[in-house]
Amino acid sequence: MAAEILTEDLLRISLQRLSREVVKTYPQFGELLAQNMLRTCGLIPDLERAEHYRELGTLLTDLGRLYHAEADLLSTVESPD
């Protein structure tokens with residue numbers, strides 16, 4: 001039980017930090033991350049939490065694709081000589 005609580009706390013802290021960083025580049029995702037993060041915390045039934053974790057995972061995957069696309073664009077830009 002203690003390990004489960006510790007894992008949830010670490011996840012919550014990581015998502016909070018991620019939300020703050022994401023807002024800088026994709027403000028619309030920052031709010032979605034914060035909302036979904038809150039839905040995974042607390043004393044809600046496991047099945048409901050599982051669905052919120054799925055939603056959050058999908059959001060993080062989509063966000064990762066955006067960052068990868070941005071990185072690809074940046075790496076192909078020629079630097080001015």
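Residues numbered from 1 in each chain as written. Predicted model: local features only at pLDDT ≥ 70, side-chain atom pairs only at ≥ 80, totals over all residues. Heavy atoms only, no water.

## Quick notes on the pattern of salt bridges
This structure, assessed with the given rule, holds four salt bridges. The closest approach of N and O atoms between R49 and D46, which form a salt bridge, is 3.8 Å. One end of the pair, R49, and the other, D46, are both in helix α3 (residues 46–76), three residues apart, so they sit about a helical turn from each other. Looking at R49, the relative accessible area reads 12%, which means it is buried. By relative accessible area, which is 61% here, D46 ends up exposed. For the salt bridge of R65 with D62, the shortest nitrogen-to-oxygen distance reads 3.2 Å. Here R65 pairs with D62, and both are found in helix α3, just three residues apart, close to one helical turn. Taking relative accessible area as the criterion, R65 reaches 55% and is therefore assigned exposed. On the accessibility criterion, D62 (33% relative accessible area) is partly exposed. (Salt bridge = Lys/Arg side-chain N within 4 Å of Asp/Glu carboxyl O. Helix = DSSP H or I, 4+ residues; strand = E, 2+ residues; numbered from the N terminus. Buried < 20%, exposed > 50% of the residue type's maximum accessible area, 1.4 Å probe, protein only.)

## Comments concerning the nonpolar core
If you look at the biggest cluster of nonpolar residues, it comprises nine residues: L15, V22, Y26, F29, L33, M37, L56, L59 and L63. Of all elements in the fold, only α1 (2–25), α2 (27–40) and α3 reach the threshold of two or more residues within this core. Ignoring any residue separated from it by four or fewer positions in sequence, one finds L63 in contact with V22, Y26, F29 and L33. (Core = buried A, V, L, I, M, F, W, Y, C linked by side-chain atoms within 4.5 Å. Contact = heavy atoms within 4.5 Å.)

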